[in-house]
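Now for the letters of each chain:
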Amino acid sequence: MLNNSTHNQHLSLPNTSIKIAIKREDLIHPFISGNKYRKLKFNIEDAKVNNVKTLLTFGGAFSNHIAAVAYAGKEYGFNTIGVIRGEELREKKDLNPTLTFAKSCGMQFEFVSREVYRTKTDSAFINSLRNEFGDFYLIPEGGTNELAVKGCEDILEENDSKFDYICCAVGTGGTISGLINSSEKHQKILGFPALKGDFLQEDIRKFANQDNWKLITDYHFGGYGKIKPELISFINTFKNDYNIPLDPIYTGKMLFGIFDLIALGYFPADSKILVIHTGGLQGIAGVNDLLKRKNRPLIEI
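Residues numbered from 1 in each chain as written. Predicted model: local features only at pLDDT ≥ 70, side-chain atom pairs only at ≥ 80, totals over all residues. Heavy atoms only, no water.

With an unreviewed UniProt entry as reference, the protein chain is termed 1-aminocyclopropane-1-carboxylate deaminase, source organism Winogradskyella pacifica. Per UniProt, the protein chain has the following entry under Sequence similarities (unreviewed entry): "Belongs to the ACC deaminase/D-cysteine desulfhydrase family." If you open the UniProt record of the protein chain and go to Cofactor (unreviewed entry), you find "pyridoxal 5'-phosphate". (UniProt positions renumbered as here; feature names shortened; annotations may be inferred.)

Structure (structure tokens):
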């Protein structure tokens, strides 16, 4: 796949001795962006080795993962199937920027109800998909599996050992697990879940081989996909101040949380913080469509 080199962009923060740098994983590729590149890298290699011609995965209306898998399939010669949460999207797929993009890359869709979608890991449901579509290489929702965690272990580089804290947004737990595994003993890994609830602890423990991590669960803004005006304002201000775009599902919530924790004195003086920008910017277009219909301020892109 592509060159996986990235760079750390340092922020200038007034009135604090704390230092922040952002690892620009979002710049790896315009479509297979950030942690999606990391998660897919070894899965695609494995699919090729096993001579499987079709990739099947799962996602919602604005899924970064769906978009990335669709493009990766087009780029590397795989058929792709997306099992999409929400039957109502079947009639609206051409109005949805993420699904329109995935379709343009050749992805075939299977729209299912939210009730059925909750059974996505059940063997009976997977078998029914194999009966319908034939043989495929299964990539879980969000891309998280052992090979994905292995790919995310490559995010941190040797010169990142100087940082005291590593921060990342958390969806399914694969990225933070890779960061935990490749971090130094003196580093603390902070995860900022985009979803409500504490269920991710168990999922992360399946893959993580150290205990130097913590989930900060106060910045989900009501849950996955929930958007509030103060978050949009923060994202736009951050883009204006630092020329770094953030998405409203993951990285926007994480950076909002980090800045709030700095203001609250959570981090000791002179702390060095590395923030992982996991991409996800393709979802902004769909979110802006929703904001337009609600006559709310848009995310500036």
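A few words on the pairing of strand β7 (residues 165-170). Most of β7 sits out of view: 6 of its 6 residues are buried. Where β7 meets strand β8 (residues 188-193), 6 bridges bridge the pair, whose relative direction is parallel. Bridging across to β8, isoleucine 166 finds its partner in isoleucine 189. Each parallel crossover has a hand, and for β7 linked through helix α7 (residues 174-182) to β8 it is right-handed. Alignment of β7 against strand β10 (residues 272-276), held across 3 bridges, turns out to be parallel. Residue pairing in the sheet places tyrosine 165 in a bridge with isoleucine 273 of β10. (Buried < 20%, exposed > 50% of the residue type's maximum accessible area, 1.4 Å probe, protein only. Helix = DSSP H or I, 4+ residues; strand = E, 2+ residues; numbered from the N terminus. Pairing = 2+ DSSP bridges. Right-handed = clockwise from strand over helix to strand, strands pointing away.)

Next up on the list: the packing of aromatic side chains. What the rule picks out here adds up to 15 aromatic pairs. When the centroid spacing of 5.6 Å and the interplanar angle of 75 degrees are considered together, the rings of phenylalanine 234 and phenylalanine 259 count as edge-to-face. Highlighted residues: phenylalanine 234 in helix α9 (residues 229-242) and phenylalanine 259 in helix α10 (residues 251-263), separated in sequence by 25 residues. Judged by its relative accessible area of 15%, phenylalanine 234 falls in the buried class. Here phenylalanine 259 falls in the partly exposed class, since its relative accessible area comes to 24%. (Phe/Tyr/Trp six-rings, centres within 6.5 Å; stacked < 30°, edge-to-face > 60°.)

So, about the domain arrangement of the protein chain. When the parts come together, some accessible area is lost, and that loss is often what is quoted as the size of the interface. Split by domain assignment, the protein chain resolves into domain 1 (8-30 + 150-294) and domain 2 (53-135). The interface of domain 1 with domain 2 comprises 11 residues on the first partner and 9 residues on the second. Ranking the residues of domain 1 by area buried against domain 2 places His29, Gln282 and Gly286 at the top, with a combined share of 49%. Along the contact surface separating domain 1 from domain 2 lie 0 salt bridges. Summed over the shared surface of domain 1 and domain 2, the number is 4 residue pairs in polar contact (both at pLDDT 80 or more). (Domains from an automatic or database assignment. Contact = heavy atoms within 4.5 Å. Buried area = accessible area lost by both parts, 1.4 Å probe. Salt bridge = Lys/Arg side-chain N within 4 Å of Asp/Glu carboxyl O. Polar contact = N/O pair within 3.5 Å; in protein donor to acceptor, adjacent residues only side chain to side chain.)

This part covers the packing of helix α2 (residues 64-76) against helix α3 (residues 97-104). At a closest axis distance of 8 Å, the pairing of α2 and α3 adopts a crossing angle of 15 degrees. Overall, the two elements α2 and α3 adopt an arrangement that is roughly parallel. Seen along the crossing, α2 lies across α3 with a hand that is left-handed. Contact with α2, carried on its side by Ile66, Ala67, Ala70 and Tyr71, involves Thr98, Phe101 and Ala102 of α3 and no other residues of that element. Tallied by class, the residues present in the contact of α2 with α3 amount to 6 nonpolar, 1 polar and no charged. (Axes fitted to C-alpha atoms, helices over the stretch in contact; angles between N-to-C directions. Parallel < 35°, antiparallel > 145°, perpendicular 65-115°, else oblique. Left-handed = near helix turned anticlockwise from the far one by under 90°. Nonpolar A, V, L, I, M, F, W, Y, C, P; charged D, E, K, R; others polar.)

Attention now moves to the sheet that holds strand β6 (residues 137-138). The strand order across the open sheet built from 4 strands is β5-β4-β3-β6, with neighbouring strands paired in parallel fashion. Each edge of the sheet is formed by a strand with only one pairing partner; in this case those strands are β5 (108-112) and β6. Sheet analysis places strand β3 (residues 54-59) next to strand β4 (residues 79-85), joined by 6 bridges and oriented parallel. Across the sheet, residue leucine 56 finds its bridge partner in β4, namely isoleucine 81. This element, α2, spans β3 and β4 of the sheet and lies at about 165 degrees to β3.

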